[in-house]
Amino acid sequence: MQLIFEKSSSGRQGYSLPKSDVPKADSLPGKYCRVTQANLPEVSELDVVRHFSALARLNFSVDTNFYPLGSCTMKYNPKFTEKIAALEGFSSPHPLVPQLSGGGILAQGSLEVLYHMERLLSEITGMAAFTMQPLAGAHGELTGVMLISAYHKSNGSRRKHIIIPDSSHGTNPASAAIAGYDVVVIPTDKSGSFDMELYKKALNNETAAVMLTCPDTLGLFNPKIKEIADLAHRVGALMYYDGANLNAILGKCRPGDIGFDVVHLNLHKTFATPHGGGGPGAGPVGVSGKLIDFLPISRVAKKDDGTYFLDYQNRKTIGYIAPFYGNFAVILKAYAYILALGREGLIEASENAVLNANYCLSRLRDYFDLPFDKICMHECVFSASRQLQNGVHALDIAKYLIDKGFHPPTIYFPLIVKEAMMIEPTETESKETLDNFIEAMIEASKLSEENPQILHSAPLTMPVKRLDETRAAREPNLRWKP
Ligand SMILES: *Cc1c(COP(=O)(O)O)cnc(C)c1O
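Residues numbered from 1 in each chain as written. Predicted model: local features only at pLDDT ≥ 70, side-chain atom pairs only at ≥ 80, totals over all residues. Heavy atoms only, no water.

**Here's the deal with the site of the ligand**
And then number 1: Close contacts around the ligand come from 14 residues, with G137, A138, D242, H268 and K269 the closest.
And then number 2: Between the ligand and D242, the relevant distance is 2.6 Å, taken from a nitrogen atom to a side-chain nitrogen or oxygen of the residue.
And then number 3: Separating an oxygen atom of the ligand from a side-chain N or O atom of K269 is a distance of 2.7 Å.
And then number 4: Within the complex, 84% of the 380 Å² of free accessible area of the ligand lies under protein.
And then number 5: For the shell around the ligand, the element with the highest residue contribution is helix α6 (residues 137-154), accounting for three residues.
And then number 6: Broken down by class, the residue content of the shell around the ligand amounts to three nonpolar, eight polar and three charged. (Near = heavy atom within 4 Å. Polar contact = N/O pair within 3.5 Å; in protein donor to acceptor, adjacent residues only side chain to side chain. Areas by Shrake-Rupley, 256 points an atom, 1.4 Å probe, with all protein chains shown as cover. Helix = DSSP H or I, 4+ residues; strand = E, 2+ residues; numbered from the N terminus. Nonpolar A, V, L, I, M, F, W, Y, C, P; charged D, E, K, R; others polar.)

**Re empty space enclosed by the protein**
And then number 1: Scanning the model with the defined rule gives two cavities of 30 Å³ or more in all.
And then number 2: Its volume calculated, the largest cavity comes out at about 120 Å³.
And then number 3: L114, E118, F130, T131, M132, Q133, S298, R299, V300, F324 and Y325 are the residues that line the largest cavity.
And then number 4: The set of elements that each furnish at least two residues to the lining of the largest cavity consists of α5 (108-125), β1 (129-131) and β8 (299-302). (1 Å grid on protein atoms, 1.4 Å probe; cavity = no way out; pocket = protein on both sides within 12 Å on 5 of 7 lines; lining within 4 Å. Points joined across faces, edges and corners; volume = space filled by probe spheres on them.)

**Regarding the sheet that holds strand β5 (residues 238-243)**
And then number 1: On the basis of which strands lie adjacent, the open sheet formed by seven strands has the order β1-β7-β6-β5-β4-β2-β3 and mixed pairing. Taken across any chain shown, the strands that pair with only one partner, and hence form the sheet edges, are β1 and β3 (182-186). Taken pair by pair, the neighbouring strands of this sheet meet at an average axis angle of 25°, ignoring direction.
And then number 2: Where strand β2 (residues 161-165) meets β3, five bridges bridge the pair, whose relative direction is parallel. Its bridge partner lying in β3, H161 is registered against D182.
And then number 3: Across the face of the sheet, α5 comes into contact with β1 and β6 (262-265) while running at roughly 125° to β1. (Pairing = 2+ DSSP bridges. Axes fitted to C-alpha atoms, helices over the stretch in contact; angles between N-to-C directions. Contact = heavy atoms within 4.5 Å.)

**A short note on the pattern of salt bridges**
And then number 1: Tallied over the full model, the rule gives 22 salt bridges.
And then number 2: One salt bridge in this structure joins D230 and K226, with 3.1 Å as the shortest N-O distance. Highlighted residues: D230 and K226, both in helix α9 (residues 225-234), separated by four residues, approximately one helical turn.
And then number 3: In this structure D230 comes out as partly exposed when scored by relative accessible area, which is 32%.
And then number 4: Within the structure, one salt-bridge network assembled from shared partners comprises R363, K431, D435 and E439. (Salt bridge = Lys/Arg side-chain N within 4 Å of Asp/Glu carboxyl O. Buried < 20%, exposed > 50% of the residue type's maximum accessible area, 1.4 Å probe, protein only.)

Structure, rendered in structure tokens:
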């Protein structure tokens, strides 16, 4: 594809503005004046429209194609939530409106959304309270670990490490480390389970918390979770639930009932708000009763007369985690989604997410190695190690799927599976779509034996083929030069 600079033709103009009637300023200091040409492309308006329309068609999204990217929950985001987020009363108030009007008179509707959403998420997860501030899942993790740290400090207890299984999401150890803790990793045993013996050895009165991604990145839910929580509490450690993918368990079990003290959710995964390209997201954090006093300020509270206000009185608060109230529009969209689905709808969403993943698992199990052969939750993890015997890597299969119109599954993650391919179909896909994807995967597996060259040369349908991804990240060359 040509760059817009390459479409430039000297003297061609794209604008049609009237002559400016603003007098030219001549007081601008010389050092601020341009001395070289800006070298902007000289193109017509139609050139620009066609150029960007062509680029837009190259975009890949859930709205255009199937996107089974494991751990990312790329489900369809219903459009009515966009309409609600765009409502004048929600989209136009300035975030300082509540303070200016002495108690939030002009923002009662927005405050009510935040207040009610906190109640809904508490009910769904079995936690006592939530903060809506964190702007992403990893940001929620950092907030959660900071809450844990503040809790231990206020009890005069000095704790040094956080226990994390190697099947956790990569952000878990990163968040624990950024919050100042050492990370003690518990390996997954041969059956795909958390090694209880090593866990018991690692656990002691220096353990600040045990941080579990549930289900883990193998798509498996730990059956010993209650025992793990009880052991942790016995030594005074807290339990952290990474609930980014709560879509696996909605209405089935609640982290709070199992004994978790902190949970973060990814509204931009589980509760169907758009994500990708770095956000925006929302990673609300729920806590058990003993951590409420440490939650970030401000908190939305309700007066006896039924009106809402911002409460800054949380004495032991860890402070602000994000400006104002988090990504309000994202929270609002997720709120609308929860209300639209209701209790039954959320349960059905989880059931279908798990059903779809198990359908993929059972139809592909004869073609790809299954490192841990168990019923999965919302995603399943295969390995391309069988295909590797013919020189075909997970990467080759991923590139081939692009030619077939599918986003590849997550590959090479989790790290504990060689040639990993992590498929998360989500509940919003039809059986026909899953069947088409499965057929493409089966074709890839057959080609790996019959004609691996086709897989090695994929993708053939894209404007660029295989990039040197390391160089692209290390030496980004994003600037056009004449
Ligand atoms: C996506 C994800 C995260 C991180 O969420 P971000 O919003 O990308 O920061 C953390 N844990 C799990 C299990 C995830 O799937």
